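# Architecture at a glance
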Amino acid sequence: MRPPPTTLTALALMILAAIPVEAGLRAQCRRQCDAAVAACVTSTRRRLRACHRQTLRRCRHEGLQVCAPATTTTTTTPVNQSTTSTSTTTGLTTTTLPECSTPFVGQWLIQNGNGGILVSDTCGLDDGRLQTGFSITGCTKARDPAGDLVDVLNGTIDTPIPSLRSVPGYEERHPSTPTSFEMGATIFTSSSGCTYNVFVDATDLIFDPGTSHYQGPTTLTIDRDCGGVSCSTVYSGTGYQS
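Residues numbered from 1 in each chain as written. Predicted model: local features only at pLDDT ≥ 70, side-chain atom pairs only at ≥ 80, totals over all residues. Heavy atoms only, no water.

## Some remarks on the layout of surface pockets
Condition: A cavity here means a set of 1 Å grid points, computed over protein atoms only, where a 1.4 Å probe fits but cannot escape. A pocket is an open set with protein on both sides within 12 Å along at least 5 of 7 lines, and lining residues have an atom within 4 Å of a point. Grid points are joined across faces, edges and corners, and a volume is the space filled by probe spheres set on the points. Helix numbers and strand numbers start at the N terminus; a helix is a DSSP run of H or I with at least 4 residues, a strand a run of E with at least 2.
The calculated volume of the second largest pocket comes to roughly 420 Å³. Taken together, 21 residues line the second largest pocket, and the ones lying closest to its centre are D34, H52, T195, D225 and S230. Looking at the lining of the second largest pocket, the elements that each hand over two or more residues are α1 (5-32), α2 (34-44), α3 (48-62), β9 (181-189), β10 (194-202), β12 (214-226) and β13 (229-241).

Here you go:
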């Protein structure tokens, strides 16, 4: 038996009334959780996508307090001068675990024998560089949300961002991939209110002929979000390990 028209109308009105509330909360979560997502990536060394999905899911189900940072105040007193600085942190903890091995340790340089390496620059960050570098310093073990041990690459990435010339890089590999890697980090800058997602992605790596060093297609991507306005700067070429 079909429900009477009045019942259908009431159900439709209830659904329509709920949509703006849900959409509004989603938008607020996206605007207010950038710092929490960045802290998740830095502290847990998980991928940006995983932290972003987990943080926004919790925010939608538990409320905006999930992304409310804990504020701590640190006071230092030099000679004849006192200053107070405020920083925001989230209640995330890390555990020191054993090191692991990786063949990708070393200095890396992205070059293009046919010209420049700039692919696109909607952020306007390019400084005219014809090559760009990053380093991989080692590998450590970490536990993912399921409690399993995963390999995490550590290193730094050079960027054209004036306030972030070098950023730390982390990458969760599970399982290990012998011929590719991705390493990056998410950084929130309080001075500009922008979040930067910086990562390098190397694929189809092979040994440089006559050496034990890798080379292969490598891309540096910088995604920036400032108050919901997004852009990207991308460099691509051949990555050479030394």
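Still more to cover.
## Describing the state of the cysteines
Should the sulfur atoms of two cysteines be covalently bonded, the bond is a disulfide. Put simply, the test is: A pair of sulfur atoms, both from cysteines and within 2.5 Å, is called a disulfide here.
Applying the stated criterion across every chain, the model contains four disulfides. There is a disulfide in this structure between C33 and C67, and the S-S distance comes to 1.8 Å. Note on the C33 and C67 pair: the S-S dihedral is about 90 degrees, so by sign convention the disulfide is right-handed. Separated by 34 residues along the polypeptide, C33 in the loop between α1 and α2 and C67 in the loop between α3 and β1 (70-76) bring together distant segments of the chain.

## Let's talk about the pattern of salt bridges
Quick note on the threshold: Salt bridges are defined as contacts in which a side-chain nitrogen from Lys or Arg sits within 4 Å of a carboxyl oxygen from Asp or Glu. Burial status follows relative accessibility: with a 1.4 Å probe on protein chains alone, a residue under 20% of its type maximum counts as buried, one over 50% as exposed, and anything between as partly exposed.
Under the defined criterion, the tally for this structure stands at two salt bridges. A salt bridge links D127 to R129, with the nearest nitrogen and oxygen atoms 3.0 Å apart. In this structure D127 comes out as partly exposed when scored by relative accessible area, which is 42%. We classify R129 as buried; its relative accessible area is 17%.

## Description of the environment of T221
Put simply, the test is: Pairs of residues are marked as contacts when any of their non-hydrogen atoms sit within 4.5 Å.
Summarising the element assignment, T221 is placed in strand β12. Beyond its immediate stretch of four places on either side in the chain, T221 contacts N197, V198, F199, T233 and V234.

## Thoughts on the side chain of T132
Residue placement: T132 occurs in strand β6 (residues 132-143). Residue classification places T132 among the buried residues on the basis of a relative accessible area of 3%. Apart from residues no more than four positions distant in its own chain, T132 is found in contact with W108, L109, I110, I117, D158 and L220.

## Some words on unusual backbone geometry
Positive phi, normally seen in glycine, also occurs at D204, with a value near 50 degrees. Along the chain, D204 turns up in the loop between β10 and β11 (206-207). Judged by its relative accessible area of 60%, D204 falls in the exposed class.

## Quick word on the packing of aromatic side chains
Keep this limit in mind: Each pair of aromatic rings taken from Phe, Tyr and Trp, with Trp reduced to its six-membered ring, is defined by centres within 6.5 Å and is described as stacked if the planes are under 30 degrees apart, edge-to-face if over 60, and tilted in the remaining cases.
Applying the stated criterion across every chain, the model contains six aromatic pairs. Aromatic side chains F104 and F181 sit 4.9 Å apart centroid to centroid with 45 degrees between the ring planes, which places their arrangement in the tilted category. Taken together, the residues F104 in the loop between β3 (99-100) and β4 (106-111) and F181 in strand β9 connect sequence positions 77 residues apart. F104 sits in the buried class, given a relative accessible area of 1%. Following the ring pairs from residue to residue traces out a cluster consisting of F104, W108, F134, F181, F207 and Y214.

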